[in-house]
Amino acid sequence: MTDDFRTDDFRTAAHTAAELVSDYLEGLPARPVWQPMDDSERQALLDLELPEHGAPLEELLKTVGERIMSAPMGNGNQRFFGWVNSAPQPAGVLATLAASAMNPSSAGGDHADVHLERAVVRWIAELVGFPHPAGGGLLTSGTSMATIVCLAAARNRAARAAGWDVREDGLAGMPPLVGYVTGETHSCVRKAAELLGLGSRNLRTVATDAEGHLDLDALAAAVAEDRAAGRLPFLVVASAGTVGTGAVDPFEPIADLAEREGLWLHVDGAYGAFGVLDETIAHRYAGMERADSLALDPHKWLGVPVDCGCALVRDTEELRGTFSLVPSYLRDEAAGSLGWFSEYGTEQTRPFRSLKVWASIAHRGRAGVAADIAHTTALARRLGELVEADPELELIAPVETSIVAFRYAPAGIEESRLNTVNKELPVAVQLRGEVFVTGALHQGREMIRACLLNATTTEADLHLLLSEVRSAGSELTDIYREVTGDS
């Protein structure tokens, strides 16, 4: 607390901040989803000078309202369909303020945030049906960090089985540890493999079927080939909803193979794992609970304010044995059998993430969370139907979760031009300000991907999305014709 802190000043500013945030959230539906920043405003932020003297709280809030909140990413709007970025749950927004005021380190000790984190990690595990032994998980900055945590445990188990102490001796001299992914696997898995010293060369990409699911025969053949070559297969990564098309891998047969071959089964559930709460699509997730680890993001489908990921593992001691390091100055004889959270991951000073998770889930309850997810998946299926019924559009993949992959494809346009137009189309749509979508490449074809996460989105918003895609696509096609001189 600074010497110049004044309770009355803070209380007044807090009321102003509450009004500012409330007005912002209330005004989102009426404003453009996204617009590029004005060049001068962008440069003004880049050129901000370090102040010599402090400014009053009210003045700071004025700057926030006029220069920061006026240029959002757009993901709070119900017509934002880009990437996998959700609108924040209002309860989570409020809880973030309280957590910031307390400002603890959630590494360990006997204070509320530590015990609350144990509870909300258990809640998350219960929501997705993952076995959760005490201490078998922790909150992280996101699935990228959760993946590093989980794959580190997988690496250590495999090294120990091969007679190596990787914490003490590293990987030098070991036969290569090999993991298996598909072309649809999120890039965070490769980053984790590189950071953990496994090397991306030893992360083998196996084939998928036509719809983007991991091919079991290709996986089995790759494992056999690597064993014959003296390498050590140790990991397979399955997806609970790919970022490109939302495809969910067949967990039961993958788990059977992993069990036979002694592979650690890791599930990337960053976006899609919570889809299991929708009874309509829950069958797709059969066997997910058999994984050795599951990484997922409450800050995606649950709407917990960023940042918040979660790592869940079946074997608590495997995780703790990978990370636990307790110097004398952090000894806590009262910590109990589970010790500190800092023994289960890479972070020592850890933010108070659990309060916003608790608030976001508690405000909606299991039934409310499930209803929100079912609403978005139902809208995604409806969007898929609208795309299939439109002669100017083409559905790229079946709708399995709440991502719809499609492209602008009117008759009579050659494939190379379609790829060119669809590659440019997402930005063209974004600039119009009415809706926001992003693009991706799927099996060599440029496409648009609409990700539905916002429970306030309506079917009218879907019709507007397709109207904007058709209109922007037509404009791009006309421009292309003018440039090339084609008829």
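The rules behind the values
Residues numbered from 1 in each chain as written. Predicted model: local features only at pLDDT ≥ 70, side-chain atom pairs only at ≥ 80, totals over all residues. Heavy atoms only, no water. Salt bridge = Lys/Arg side-chain N within 4 Å of Asp/Glu carboxyl O. Axes fitted to C-alpha atoms, helices over the stretch in contact; angles between N-to-C directions. Helix = DSSP H or I, 4+ residues; strand = E, 2+ residues; numbered from the N terminus. Parallel < 35°, antiparallel > 145°, perpendicular 65-115°, else oblique. Left-handed = near helix turned anticlockwise from the far one by under 90°. Contact = heavy atoms within 4.5 Å. Nonpolar A, V, L, I, M, F, W, Y, C, P; charged D, E, K, R; others polar. Buried < 20%, exposed > 50% of the residue type's maximum accessible area, 1.4 Å probe, protein only. Pairing = 2+ DSSP bridges. Core = buried A, V, L, I, M, F, W, Y, C linked by side-chain atoms within 4.5 Å. Phe/Tyr/Trp six-rings, centres within 6.5 Å; stacked < 30°, edge-to-face > 60°. Lys NZ or Arg CZ within 6 Å of the ring centre and 35° of its normal.

**Q** For this particular structure, what's the right way to read the pattern of salt bridges?
**A** Once the charged atoms of two side chains with opposite charge are near each other, the side chains can pair. Here the structure, examined in full by the defined rule, presents 29 salt bridges. In this structure, the salt-bridge partner of D297 is K300, at a minimum N-O distance of 2.4 Å. Look at the salt bridges and you will find they share partners, linking R204, E225, D226 and R231 into a network.

**Q** Quick question: what am I supposed to make of the packing of helix α1 (residues 7-27) against helix α3 (residues 57-68) here?
**A** Helix-helix packing: each pair is described by the crossing angle between the helix axes and the interaxial distance. Direction vectors running N to C along α1 and α3 enclose 15 degrees, while the axes themselves pass 9 Å from each other. By the criterion of interaxial angle, the relationship of α1 to α3 is roughly parallel. Crossing of α1 over α3 shows right-handed handedness. Across from D9, F10, T12, A13, T16, A17 and L20 in α1, the residues of α3 making contact are L57, E58, L61, V64 and G65. Broken down by class, the residue content of the contact of α1 with α3 amounts to seven nonpolar, three polar and two charged.

**Q** I'm lost on the pairing of strand β2 (residues 177-182) in this one. Help?
**A** It is a general feature of regular strands that their side chains alternate between the two faces of the sheet. A large share of β2 lies buried, amounting to six of its six residues. What you see with β2 is no split at all: L177, G179 and V181 on one side and V178, Y180 and T182 on the other are buried throughout. The pairing of β2 with strand β4 (residues 232-239) spans four bridges and is parallel. For Y180, the partnering residue across the bridge sits in β4 and is V236. Note: β2 against strand β3 (residues 203-206), four bridges, orientation parallel.

**Q** Just to check I follow, could you spell out the nonpolar core for this structure?
**A** As a rule of thumb, soluble globular proteins bury nonpolar side chains together. Ranked by internal contacts, the top residues of the largest apolar core, which has 59 residues, are F274 and L312. In terms of nonpolar packing, the next biggest core, distinct from the first, is built from 34 residues, A159, L203, V237 and A295 among them.

**Q** Would you mind going over the packing of aromatic side chains with me for this structure?
**A** Aromatic ring pairs are reported here in terms of the distance separating the ring centres and the angle at which the planes meet. As enumerated under the stated definition, the model contains five aromatic pairs in all. Judged by centre distance (5.4 Å) and plane angle (50 degrees), the rings of W83 and F436 are tilted. Taken together, the residues span a long stretch of sequence, with W83 in the loop between α3 and α4 (90-102) and F436 in the loop between α13 (415-432) and β10 (438-442) at a distance of 353 residues. By the ring-pair criterion, three or more aromatic residues cluster together here, those being W34, F80, W83 and F436. The ring of F341 carries the charged tip of R118 above its face, separated from the ring centre by 4.1 Å. In this structure, R314 is placed above the aromatic ring of F130, and the distance from its NZ or CZ to the ring centre is 5.9 Å.

**Q** Hey, could you run me through unusual backbone geometry in this one?
**A** Among all residues save glycine, negative phi is the norm, and among peptide bonds the norm is trans. Residue V306 is joined to D307 through a cis peptide bond whose omega torsion reads 5 degrees. Note on placement: D307 falls in the loop between β6 (293-296) and β7 (309-313). Positive phi values are uncommon outside glycine, yet W83 reaches one of about 45 degrees. Of note, the phi angle at N103 is positive, near 55 degrees, even though the residue is not glycine.

**Q** Would you explain the side chain of T377 in this entry?
**A** Tracing the backbone through its elements, the reader meets T377 in helix α12 (residues 354-389). Accessibility expressed as a relative area gives 0% for T377, which makes it buried.

**Q** Explain the environment of D9 to me, please; I cannot follow it from the model alone.
**A** Looking at the secondary structure, you find D9 in helix α1. Put simply, D9 and L57 are 48 residues apart on the chain and 7.6 Å apart in space, counted from C-alpha to C-alpha.

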